[in-house]
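Fold and geometry: a report
For reference, the chains in residue letters:
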Amino acid sequence: TEGYTAPEILSGGTPTTFADIYSLGRVLASLAPQPDADLAAILARACHPDPPSRYPTAGALAADLEAYSRNQPVSVRPLSLPATVLRWAMLHPAS
C-alpha cells in the first residue's frame, strides 16, 4: 500500500534494499505509535527520505532492534558520556 511504499518507488524508481528497509520501518512504526527515543531513532533512520541515509541492510536494522530489545545502546543513538559511565558503574559495582 502507498503508506508503506518508499518515496523513490512512488516516483517511479527501481525497488532496492533501501526501499524494503523503508517499508519495514513503516510497518514497525505502525506497531509502535508512541516509541521512546531509541526506537524513534531506529524508525527515523529506517524511514529516512534519502535512501542512502537508511540502514544499508535488513541485518543492520535487525541488529539495532536486537540491541533495543536488550536495553543496550543502538547505533543511531549512542549513549552520552554520563550514561556510559553510569552503565559501566552498574555493571561493575565496587566490592
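Because the structure is predicted, anything quoted here is derived from the model rather than measured. (Residues numbered from 1 in each chain as written. Predicted model: local features only at pLDDT ≥ 70, side-chain atom pairs only at ≥ 80, totals over all residues. Heavy atoms only, no water.)

This part takes up the overall build of the protein. Counting its secondary structure elements, the protein contains five helices and zero strands. Ordering the α and β elements of the protein from the N terminus gives α-α-α-α-α. Over its C-alpha atoms, taken along the principal directions, the protein stretches across nearly 60 × 25 × 20 Å. Within the protein, the proportion of its 95 residues that are buried is 21%. Counted over contacts in the protein with a minimum sequence separation of 6, partners at least 24 positions apart contribute 43%. Here the protein holds 6 positive side-chain charges and 8 negative ones, and the gap between their average locations is 6 Å. (Helix = DSSP H or I, 4+ residues; strand = E, 2+ residues; numbered from the N terminus. Buried < 20%, exposed > 50% of the residue type's maximum accessible area, 1.4 Å probe, protein only. Contact = heavy atoms within 4.5 Å. Lys, Arg positive; Asp, Glu negative; His and termini not counted. Charge placed at Lys NZ, Arg CZ, Asp CG, Glu CD.)

It is the contact of helix H3 (residues 37–46) with helix H4 (residues 58–69), at a shortest axis distance of 10 Å, that shows an interaxial angle of 170°. Taken together, H3 and H4 sit at an angle that is classed as roughly antiparallel. For the pair formed by H3 and H4, the contact residues are Asp38, Leu39, Ile42 and Ala46 on the first element and Leu61, Asp64, Leu65 and Tyr68 on the second. Each residue belonging to the contact of H3 with H4 can be placed in one class, and the counts come to six nonpolar, no polar and two charged. (Axes fitted to C-alpha atoms, helices over the stretch in contact; angles between N-to-C directions. Parallel < 35°, antiparallel > 145°, perpendicular 65-115°, else oblique. Nonpolar A, V, L, I, M, F, W, Y, C, P; charged D, E, K, R; others polar.)

This paragraph deals with the packing of aromatic side chains. In this structure the tally under the stated criterion is zero aromatic pairs. Against the face of tyrosine 55 rests arginine 45, its NZ or CZ located 4.6 Å from the ring centre. (Phe/Tyr/Trp six-rings, centres within 6.5 Å; stacked < 30°, edge-to-face > 60°. Lys NZ or Arg CZ within 6 Å of the ring centre and 35° of its normal.)

A separate point is the pattern of salt bridges. In this structure the tally under the stated criterion is three salt bridges. Arginine 54 is the partner of glutamate 8 in a salt bridge, and the nearest nitrogen-oxygen pair spans 2.7 Å. Of this pair, glutamate 8 sits in helix H1 (residues 7–10) while arginine 54 sits in the loop between H3 and H4; the two residues are 46 residues apart in sequence, bridging distant segments of the chain. An identical accessibility class is assigned to glutamate 8 and arginine 54; each is buried. (Salt bridge = Lys/Arg side-chain N within 4 Å of Asp/Glu carboxyl O.)

Now for a nonpolar patch on the surface. A cluster of nonpolar side chains, namely Tyr4, Leu24, Val27 and Leu31, defines an oily patch on the protein surface of about 360 Å² accessible area. Structurally, valine 27 can be placed in helix H2 (residues 17–31). For valine 27, a relative accessible area of 37% corresponds to the partly exposed category. (Patch = residues over 30% accessible without salt bridge, like charges linked within 9 Å, V, L, I, M, F, W, Y side chains within 5 Å. Areas by Shrake-Rupley, 256 points an atom, 1.4 Å probe, with all protein chains shown as cover.)

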